[in-house]
Amino acid sequence: MKKNVAIIGAGFSGAVIAHQLAKAGHQVEVFESRSHIAGNCYSERDAETSVMVHVYGPHIFHTDNERVWKFVNEFGEFMPFVNRVKAITNDRVFTLPINLLTINQFFNKTFRPAEAQQFLAEQGDKTIENPVTFEDQALRFVGRDLYEAFFKTYTVKQWGLQPSELPASILKRLPVRFNYDDNYFSHKYQGMPKDGYTAIVEKILNVPGITVHLSTPFKPEQKGDYDHVFYSGPIDAWFGHRDGRLPYRTLDFEVHRDQGDYQGNAVINYCDSAKPYTRITEHKHFSPWEQHEGTLCYFEYSRQCEEGDTPYYPIRLARDKVQLEKYVKLAQDEPNVTFIGRLGTYRYLDMDVTIDEALKVADKFLACATENAPMPAFVIDPLA
Ligand code: UDP
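Rules and cut-offs
- Residues numbered from 1 in each chain as written.
- Predicted model: local features only at pLDDT ≥ 70, side-chain atom pairs only at ≥ 80, totals over all residues.
- Heavy atoms only, no water.
- UniProt positions renumbered as here; feature names shortened; annotations may be inferred.
- Helix = DSSP H or I, 4+ residues; strand = E, 2+ residues; numbered from the N terminus.
- Pairing = 2+ DSSP bridges.
- Axes fitted to C-alpha atoms, helices over the stretch in contact; angles between N-to-C directions.
- Contact = heavy atoms within 4.5 Å.
- Buried < 20%, exposed > 50% of the residue type's maximum accessible area, 1.4 Å probe, protein only.
- Near = heavy atom within 4 Å.
- Polar contact = N/O pair within 3.5 Å; in protein donor to acceptor, adjacent residues only side chain to side chain.
- Areas by Shrake-Rupley, 256 points an atom, 1.4 Å probe, with all protein chains shown as cover.
- Phe/Tyr/Trp six-rings, centres within 6.5 Å; stacked < 30°, edge-to-face > 60°.
- Lys NZ or Arg CZ within 6 Å of the ring centre and 35° of its normal.

The name given to the chain in an unreviewed UniProt entry is UDP-galactopyranose mutase, with Pseudoduganella dura as the source organism. In the Cofactor (unreviewed entry) part of its UniProt record, the chain is described as follows: "FAD". Under the Sequence similarities (unreviewed entry) heading, UniProt states for the chain: "Belongs to the UDP-galactopyranose/dTDP-fucopyranose mutase family."

And the structure:
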């Protein structure tokens, strides 16, 4: 039976679910409080330089997931792009993630892979058997010198917390390589949408049966007008922050326009305290197939997210999880609403994971609709 569905948020989560449901014949209304689609992946051309800008900061698409890669490629051309990050620390430039070149340059050595591996094992603190914190993880696997040069201060700038307060999982996002591979990511597929992310999301939403309302906040009281609601806003906002605000980091971007090539690379991290920003992104290097005389850079600053700011990174310390548990319980008692995506489940999600989960949420909804079974509040456990 055809259902009347509301989807809150037109980022990847909302758009993918809208697409799958509309294609299966359901009626979908998408409510987006911002004046544009594509959430934090939103990209647009800068009027002055015509450079394609990742308005909410750099987004590089990378995945091992065949279904996701096939899905996004249906909606636009992905150009080859490999993220090769540089990192500046103590007035020297290195390659990141830590690889054989980083190790050799940093320690002034000419190690081969096995030698570097042995050397780093000696640098590591073997008394830390089971790393729990970011700091433990770094000291155990790369040792104090590399930790202090590349991770310690950057992490304080990024998270506003000491690495000893943060979980090891954050550092586990970055590999350590004993070869000269300087690809920031280890996934099979990586690329940049030729016409930007907004064009991709626009096509995902361009299915008969989907209506998109921009600049239109949705109030929980409106849910009675629909058979089901998918909510990709902040989970605590749905419940009026009744158990307090879940903490996030937000980002500020200082825009710098110039001529020519400002830094010679898309992303350069500033890992020590010499600069107050975490990184500089030069957006035209994300589209190396385009030619632009002008250039546009974002100097990126991270700070605590206050009311009215755009939430970026959920912090998820142990104490935040206690608060999250309360919201999860409330959500589970809320009929006909499914909480989705980075903000709806309060997790640090890459784009490919977001799309994969959205496809799974849509699969679940379609299965529940066929079996006449209730749709759960969460398809992916936010506490896992
Ligand atoms: N990180 C760091 N130094 C760097 C890059 C990353 O200490 O030069 C740490 C930092 O804590 C960051 C985490 O590693 O939050 C994960 O990095 P990633 O590049 O995945 O962060 P994102 O691009 O998602 O902000």
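Student: Just to check I follow, could you spell out the UniProt feature "domain: UDP-galactopyranose mutase C-terminal" (unreviewed entry) in the chain for this structure?
Tutor: Here the UniProt-annotated "domain: UDP-galactopyranose mutase C-terminal" (unreviewed entry) positions come out as residues 149–348. Across residues 149–348, helical content stands at 24% and strand content at 24%; the span's end C-alpha atoms are separated by 25 Å.

Student: Is there a simple way to think about the sheet that holds strand β6 (residues 78–80) in this case?
Tutor: Backbone hydrogen bonds are what pair the strands of a sheet, in a parallel or an antiparallel way. The sheet built from three strands is open, its strands ordered β5-β9-β6 with antiparallel pairing. Bordering the open sheet on either side are β5 (61–63) and β6, each of which pairs with just one other strand. The sheet shows a mean angle of 45° between the axes of neighbouring strands, direction not considered. Packed onto the sheet, helix α2 (residues 66–73) meets β5, β6 and β9 (189–193) and runs at close to 145° relative to β5.

Student: Just checking my understanding: could you explain the environment of S169 for this structure?
Tutor: Among the structural elements, S169 can be located in helix α7 (residues 168–171). A relative accessible area of 46% means that S169 is categorised as partly exposed.

Student: Looking at this structure, I do not really get the site of the ligand. What am I missing?
Tutor: Around the ligand, the structure places 17 residues, and the nearest of them are R173, Y184, N269, Y313 and Y348. The separation between an oxygen atom of the ligand and a polar side-chain atom of R279 is 3.3 Å. Here Y348 contributes a side-chain N or O atom positioned 2.5 Å from an oxygen atom of the ligand. In isolation the ligand exposes 520 Å². Once the protein is present, 93% of that is buried. If one sorts the elements of the shell around the ligand by residue count, helix α6 (residues 143–159) sits on top with six residues.

Student: Help me understand the packing of aromatic side chains in this model?
Tutor: Each aromatic ring pair is characterised by the separation of its centres together with the angle its planes make. In total, this model carries 35 aromatic pairs according to the counting rule given. Ring centres of F107 and F119 lie 4.8 Å apart, and the angle between their planes is 70°; this geometry places the pair in the edge-to-face category. With a gap of twelve residues between them, F107 in helix α3 (residues 100–107) and F119 in helix α4 (residues 113–123) connect regions that are remote in the sequence. Look at F107 and you get buried, because its relative accessible area is 15%. Taking 5.2 Å as the distance between ring centres and 85° as the angle between the ring planes, the aromatic pair formed by Y313 and Y348 counts as edge-to-face. Here Y348 lies in the loop between α11 (341–344) and α12 (351–371) and Y313 lies in strand β16 (residues 313–314), a separation of 35 residues in the sequence. Three or more aromatic residues joined by ring pairs form one cluster here, namely F31, F218, Y226, Y231, W238, F239, Y327, F339 and F378. The ring of Y56 carries R34 above its face, with NZ or CZ at 4.3 Å from the centroid. The positively charged end of R173 is found above the aromatic ring belonging to Y348, 4.1 Å away from the centroid.

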